[in-house]
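Here is what each chain is made of, one letter per residue.
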Amino acid sequence: MSFITINELTKQFNVVYAVKDFSLKIEKGEFISFLGPSGCGKTTTLRMIAGFIEPTEGKIQIGDELIYGQGVNLQPEERNLGMVFQSYAVWPHMTVFENIAYPLKIKKVNKKKIKDKVSQVVEMVNLQDHVKKYPNQLSGGQQQRVALARALVMEPSLLLLDEPLSNLDAKLRDKMRAEIKNLQTRTGVTIIYVTHDQVEALSMSDRIVVMNQGVIQQIGSPEEMYNSPTNEFVADFIGRTNFLKGRRDGSSILLEGTSVVIPLPASENSGKRDVTLCYRPESIKLVKRHNNDANHIQGQIVERTYLGNVIEYVVQVDDVQLKVETADKLNLPLQTNVAIELPEPVIF
Amino acid sequence: MKRLIKSGNWIYAIAFLALAILIIYPMIIIVYRSFTSENELSLQNYITVLTDASMYEVLWNSLFVSIISTIFSLIIGVALSWFVSRTDIKGKRWLTLGIMIPFLIPSFISAISWRQLLSPVGYLNKIYMELTGATEPFVSIYGPWGIIFVMTVSSFSLVFMITHTAFQNMDSSYEEAAQISGASRLRVMKDVTIPLIKPSILSSAVLVFVSNISNFGVPSILGFHESYFVLTTKIYQLLNDYTIRDSFSIAASLSMVLVLIAVIGIWLQYYLTNKKSYAVVTGKSSQKMIVNLGKYRVVITTLIGGLLFMISVAPVLAILATSLTKAYGLPPTLDNLTLENYRYILFEMPMAKRSLVNSLILAFGAATIAVGIGIVLAYFITKTNVKGRQAISFIVSLPYALPGTVIGLAIILAWIKPLPIFEVSIYNTLWIILVAYVMYYITLAVQTISSSLIQVHGSLEEAARISGASWLQNMRDIVLPLIKPGVISGWFLIFIPALSELTISILLWSSGNETIAVAVYNLQEQGNMTSASALSMVMIFLIIAGHQLSNWLSRRMNG
Ligand SMILES: Nc1ncnc2c1ncn2[C@@H]1O[C@H](COP(=O)(O)OP(=O)(O)OP(=O)(O)O)[C@@H](O)[C@H]1O
Ligand SMILES: [Mg+2]
């Protein structure tokens, strides 16, 4: 049996569904991200798990314990979870030590043990030199670590993080990302991580839950998300994608707005006549010469953006524009006539 | 001369002269007089005050009623703001309205109405005696506990407003973090919520304490009967007692005690608001942690609603009832109802008619003059880098921080003789009250206008000057239109309280120059409760109308 089981969790605010039929199983030690655009219900789901929002329907089970559903509704303080808030919520009237020790104090752990435990987590988050300070003497990143330490100190079975890095600058964000991942590997804690930043989700998670308008769109590993999105929303939300309309004609597809015809991929068996094809910009190859393959298509460069490590071109193919990203030194000026090579598309 | 006019320096010169005459001169005079006896410099007044045991009693009374009423106001105000902002109590809008009513009613009116309810012959005592057949009244509002009660009722709204804002601004993730750490709701309150709003609680405590120790109306209306004196009423009594030699100088030194207390208060307030480690970080979190009152919800709502009805609505009803009855003491039955009292004060009784005109002139004049000088001073404080402009800002804020009694006395001492050099005498005229109001309230104009001016970016003015506008043209065409909302709200901030001002006017009025508050005070002292009540109702009406007009104007200007 899975460590955490969430069953058809639903939250309705008046007539609007913030979250609808959310079901998920999480294994012990997994790092799960909730990813989606603003307002899609990530925070609402997380807060239902924490116990701050009462679900309209559904069931939540952690380990063998039912924490919500069938008449049970454990209060947040009874759920034994760790949580890191977007605003850190490090108490300004307590020192770093007092902040981190608080959960243990509540549990009436004895003084000596509190000290040991706190210094252990303090070391883990690298705050040894700051334990006596007040939060207003700390930087944003340090406050973030205090919040992490406080959440970890009681060795929760599950750690909840709601956009913990969104208040930090880009450099620090990269650093904290690595640190959080590192902490998880060392402690083995199960993590649910809410973010609207796909880079964060892709780089840290074992599995990602993509949500839109309160409904789960896809659950899967970062690779699955990127390479085989199950619908247009996921394909669009994760990474960048060229969407092309196509019409099926026997065993081939005609790309609308062009004269290009491609063979029907083996994976496509929906039988739909009108389909959407997705191509990642970096999966499209630019080649200098047309070599008459069915997958080689004539086009012209109409836009060019130099981004340092890559160059992004917009290639006009008949009436359609395609984004193409090349990492090689192929540096072509505007108006160059080029040929492109399309990989096997993902089709909806 | 042309350059002087162009640079606008002459306007500053006029404003500083006004500041010197209006504020600095009286402040110096009152300190000076406290150190003079029989026209010679001496410590005699302080010796008189410090060796008189009855003065210690007065000081003790002042501290006692102020401290106890502050504690009660804190308990009630914080509890109410917690219930309104952090529980699912019902009818929050109505409760908030009930809490704000006492804030609109001047405290001396509140004292008069409670006197009508709970004096030995008051409505409630009468009902009690009728119902139980008792021959003794249930309670008497006279004396220290009555003063404490009315002061509490008049000041818990302030505590509510300050702590309610603190509750609203506090990021509730602080509380949620404690809860998820395993703390129960009560524990969260004790360990996180209360410590985080402690600075607001303390700062409202200081405000309430200083305002209560400065209060004159309540202790005079409820204390004189029992010869229970506090500092403000003692000073008033000294000034009206011509049997004591040097009574003005003794009053001046006694008022220095009040000044000392107020200064400590200002310092504490400053210290508390600037203490960094307590700055509560505010967040965007919109969801507040709401405590479910569960099965107590209805009971608690009813209890608080009932209590608020008692302390907010009942006194207004009492005054209204008295103002509509033929004679004070008659039960307000249909037979006894009449509008005669209103006709009498509005159209017949000269003093009441006069007082309405006087107060309107004074409030209008004080607001307008204070705003006029305030614009110049605020501009000087916020837009120039002249050294010492902070000193100006301090001087301007001083009078309002001091008890009205001290201001009234300072003005008397300064203007009892014609002003040196200028040789103008305004003693025993309406204008001395006007001068005192301007002195007292001017900081409200300077503060609101300053905060508007700070919003006006320097480049806007530079653009005007580059386009060829003189200082005055820039002021008229660019600055004033931009700060108009601040100017208007500053004007009403002075106009409304000035309409009902008692403490200063009671020291400065002379026959023919009564303000509404003085007229009400005198009428109720004479036992003419029906006229006093009718006039009070007219005053409350004017205050509410002023608030409505002010709100309407600011809504209209902000979009
Ligand atoms: N207390 C509430 N009352 C009514 N609607 C709410 C409430 N809380 C959230 N919602 C709505 O529920 C939806 C989901 O909100 P939620 O905060 O979970 O979004 P989110 O995915 O966390 O977005 P973000 O990335 O902006 O934080 C939104 O449409 C929001 O407007
Ligand atoms: Mg969110």
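Just so we're clear, the structure is a prediction, and the values are computed from it rather than from any experiment.

Looking now at the overall build of chain A. For chain A, the count of helices and strands is 8 helices and 21 strands. If you line up chain A on its principal axes, its C-alpha atoms span 80 × 45 × 35 Å. Each of the 348 residues in chain A was classed as buried or not, and the buried ones make up 51%. Across chain A, every contact between residues at least 6 apart in sequence was considered, and the portion connecting residues at least 24 apart equals 64%. As displayed, chain A has an accessible area near 16,400 Å², and 47% of this comes from carbon and sulfur atoms. Each charge class in chain A was averaged separately, 40 positive and 41 negative side chains, and the resulting centres sit 7 Å apart.

Now for the sheet that holds strand 12 (residues 242–249) of chain A. Residue and element names in this part refer to chain A. Pairing is antiparallel across the open sheet formed by 5 strands, whose spatial order is 14-13-12-15-21. The sheet terminates laterally at strand 14 (261–263) and strand 21 (346–347), the two strands that pair on one side only. Bridge analysis of strand 13 (residues 252–255) against strand 14 gives 3 bridges, and the strand direction is antiparallel. Bridging across to strand 14, Ile253 finds its partner in Ile262.

Sheets are built from strands paired through backbone hydrogen bonds, the pairs being either parallel or antiparallel. All names here are of chain A. Taken in spatial order, the 5 strands line up as 16-20-17-18-19 in an open sheet, and their pairing is antiparallel. Each end of this open sheet is capped by a strand with a single partner; those strands are strand 16 (285–287) and strand 19 (320–326). Neighbour-to-neighbour, the strand axes of the sheet open up by a mean angle of 45 degrees, direction not taken into account.

With that settled, consider the packing of helix 20 (residues 458–466) of chain B against helix 21 (residues 471–499) of chain B. Residue and element names in this part refer to chain B. At their nearest, the axes of helix 20 and helix 21 sit 10 Å apart, and the two run at 145 degrees to each other. Our pair here, helix 20 against helix 21, has a crossing hand that is right-handed. Listed contacts from helix 21 to Leu460, Glu461, Ala464 and Arg465 of helix 20 are Trp471, Asn474, Ile478, Val479 and Leu482. Here the contact of helix 20 with helix 21 is built from residues that sort into 6 nonpolar, 1 polar and 2 charged.

Around ligand 1 there are 11 residues in total, and A:Ser38, A:Gly39, A:Lys42, A:Thr43 and A:Thr44 lie nearest to it. Around ligand 1 the close residues trace back to chains A and B. Measuring from an oxygen atom of ligand 1, one finds a backbone N or O atom of A:Gly41 at 3.0 Å. Within the contact set of ligand 1, an oxygen atom lies 3.3 Å away from a side-chain nitrogen or oxygen of A:Glu163. Burial of ligand 1 by the surrounding chains reaches 61%, relative to a free accessible area of 640 Å².

All chains considered together, the criterion is met by 20 salt bridges over all chains. For the salt bridge of A:Lys175 with A:Glu179, the shortest nitrogen-to-oxygen distance reads 3.9 Å. Placement of the pair is A:Lys175 and A:Glu179 together in helix 5 (residues 170–187), with a separation of 4 residues, close to one helical turn. For A:Lys175, a relative accessible area of 44% translates into the label partly exposed. For B:Arg343, the salt bridge goes to B:Glu340, with nearest N and O atoms at 3.0 Å. Taken together, the residues span about one helical turn, with B:Arg343 and B:Glu340 both in helix 15 (residues 340–348) at a distance of 3 residues. Accessibility expressed as a relative area gives 36% for B:Glu340, which makes it partly exposed.

Another point: unusual backbone geometry. Residue and element names in this part refer to chain A. A positive phi angle is found at Tyr88, which is not glycine, with a value near 70 degrees. When its relative accessible area of 8% is taken as the criterion, Tyr88 is described as buried. Of note in the backbone geometry, Asn126 takes a positive phi value of approximately 65 degrees without being a glycine.

Moving on, we come to helix 17 (residues 389–401) of chain B. Think of an α-helix as 3.6 residues a turn; residues three or four steps apart then line up on the same face. All names here are of chain B. Between its first and last C-alpha, helix 17 extends 19 Å over 13 residues, near the 18 Å set by a 1.5 Å rise per residue. The complete set of buried residues in helix 17 reads Ile392, Val396, Leu398 and Pro399. Angular distribution of buried residues about the axis of helix 17 spans 145 degrees; they occupy a single face of the element.

The next subject is the side chain of B:Arg115. Residue and element names in this part refer to chain B. Mapped onto the elements of the fold, Arg115 is located in helix 6 (residues 107–118). The buried charged residue Arg115 lacks any salt bridge partner; its closest oppositely charged side chain belongs to Glu525, at an N-O distance of 4.4 Å. Side chain to side chain, Arg115 and Tyr142 meet in a polar contact 2.9 Å long. Not counting residues up to four positions away in its chain, the partners in contact with Arg115 are Gly122, Ile141, Tyr142, Ile221, Leu222, His225, Tyr328, Gln524, Glu525 and Met529.

The final tally for this structure, using the stated rule, is 27 aromatic pairs over all chains. Note on B:Phe492 and B:Phe495: the rings are 6.4 Å apart at their centroids and 85 degrees apart in plane angle, and the pair reads as edge-to-face. Taken together, the positions of B:Phe492 and B:Phe495, both in helix 21 and 3 residues apart, correspond to about one turn of that helix. By the burial criterion, B:Phe492 is buried, and B:Phe495 matches it. Put simply, the rings of B:Phe216, B:Phe224, B:Phe229, B:Tyr236 and B:Tyr521 touch in pairs and so form one group of aromatic residues. Positioned above the aromatic ring of A:Tyr17 is the side chain of A:Lys20, whose terminal nitrogen or guanidinium carbon lies 5.0 Å from the ring centre. Stacked on the ring of B:Phe229, the Lys or Arg B:Lys234 has its end atom at 5.0 Å from the ring centre.

If you look at the interface, chain A gives 25 residues, while chain B gives 24 residues. Carbon and sulfur atoms make up 58% of the area that chain A and chain B hide from each other, which totals about 2,200 Å². Broken down residue by residue, the surface that chain A buries against chain B is led by A:Glu77, A:Pro92 and A:His93, which jointly contribute 25%. The tally of links from chain A across to chain B stands at 1 salt bridge. With its nearest N and O atoms 2.7 Å apart, the salt bridge here joins B:Glu176 to A:Arg47. There are 8 residue pairs in polar contact (both at pLDDT 80 or more) connecting chain A and chain B. For the side of chain A that touches chain B, the elements supplying multiple residues, two or more each, are helix 1 (42–50) and helix 2 (96–106) of chain A. Considering every element that reaches the side of chain A that touches chain B, the biggest residue donor is helix 2 of chain A, with 4 residues. For the side of chain A that touches chain B, a count of residues per class yields 16 nonpolar, 5 polar and 4 charged.

A few words on empty space enclosed by the protein. If a probe the size of a water molecule is rolled over the atoms, the empty space left behind becomes visible. All names here are of chain B. By the definition in use, this model includes 5 cavities of 30 Å³ or more. Approximately 100 Å³ is the volume attributed to the largest cavity. Lining of the largest cavity is provided by 14 residues; of these, Ile105, Ser110, Ser312, Pro315 and Val316 occupy positions nearest its centre. Counting only elements with at least two residues in the lining of the largest cavity, the list comes to helix 5 (92–104), helix 6, helix 8 (144–169) and helix 14 (297–324). Per element, the largest residue contribution to the lining of the largest cavity is 5 residues, and it comes from helix 14.

Residues and elements named next belong to chain A. Where strand 1 (residues 4–13) meets strand 2 (residues 16–26), 7 bridges bridge the pair, whose relative direction is antiparallel. When the sheet's bridge partners are listed, Ile6 is paired in strand 2 with Leu24. Two successive antiparallel strands, strand 1 and strand 2, enclose a turn made up of 2 residues, where Asn14 displays a positive phi of approximately 50 degrees. Where strand 1 meets strand 4 (residues 57–62), 5 bridges bridge the pair, whose relative direction is antiparallel. Each residue of the ladder has a partner; that of Ile6, found in strand 4, is Ile60.

Parameters and conventions
- Residues numbered from 1 in each chain as written.
- Chains lettered and ligands numbered in written order.
- Predicted model: local features only at pLDDT ≥ 70, side-chain atom pairs only at ≥ 80, totals over all residues.
- Heavy atoms only, no water.
- Helix = DSSP H or I, 4+ residues; strand = E, 2+ residues; numbered from the N terminus.
- Buried < 20%, exposed > 50% of the residue type's maximum accessible area, 1.4 Å probe, protein only.
- Contact = heavy atoms within 4.5 Å.
- Areas by Shrake-Rupley, 256 points an atom, 1.4 Å probe, with all protein chains shown as cover.
- Lys, Arg positive; Asp, Glu negative; His and termini not counted.
- Charge placed at Lys NZ, Arg CZ, Asp CG, Glu CD.
- Pairing = 2+ DSSP bridges.
- Axes fitted to C-alpha atoms, helices over the stretch in contact; angles between N-to-C directions.
- Left-handed = near helix turned anticlockwise from the far one by under 90°.
- Nonpolar A, V, L, I, M, F, W, Y, C, P; charged D, E, K, R; others polar.
- Near = heavy atom within 4 Å.
- Polar contact = N/O pair within 3.5 Å; in protein donor to acceptor, adjacent residues only side chain to side chain.
- Salt bridge = Lys/Arg side-chain N within 4 Å of Asp/Glu carboxyl O.
- Expected span 1.5 Å × (residues − 1).
- Arc of directions from axis to C-beta.
- Phe/Tyr/Trp six-rings, centres within 6.5 Å; stacked < 30°, edge-to-face > 60°.
- Lys NZ or Arg CZ within 6 Å of the ring centre and 35° of its normal.
- Buried area = accessible area lost by both parts, 1.4 Å probe.
- 1 Å grid on protein atoms, 1.4 Å probe; cavity = no way out; pocket = protein on both sides within 12 Å on 5 of 7 lines; lining within 4 Å.
- Points joined across faces, edges and corners; volume = space filled by probe spheres on them.

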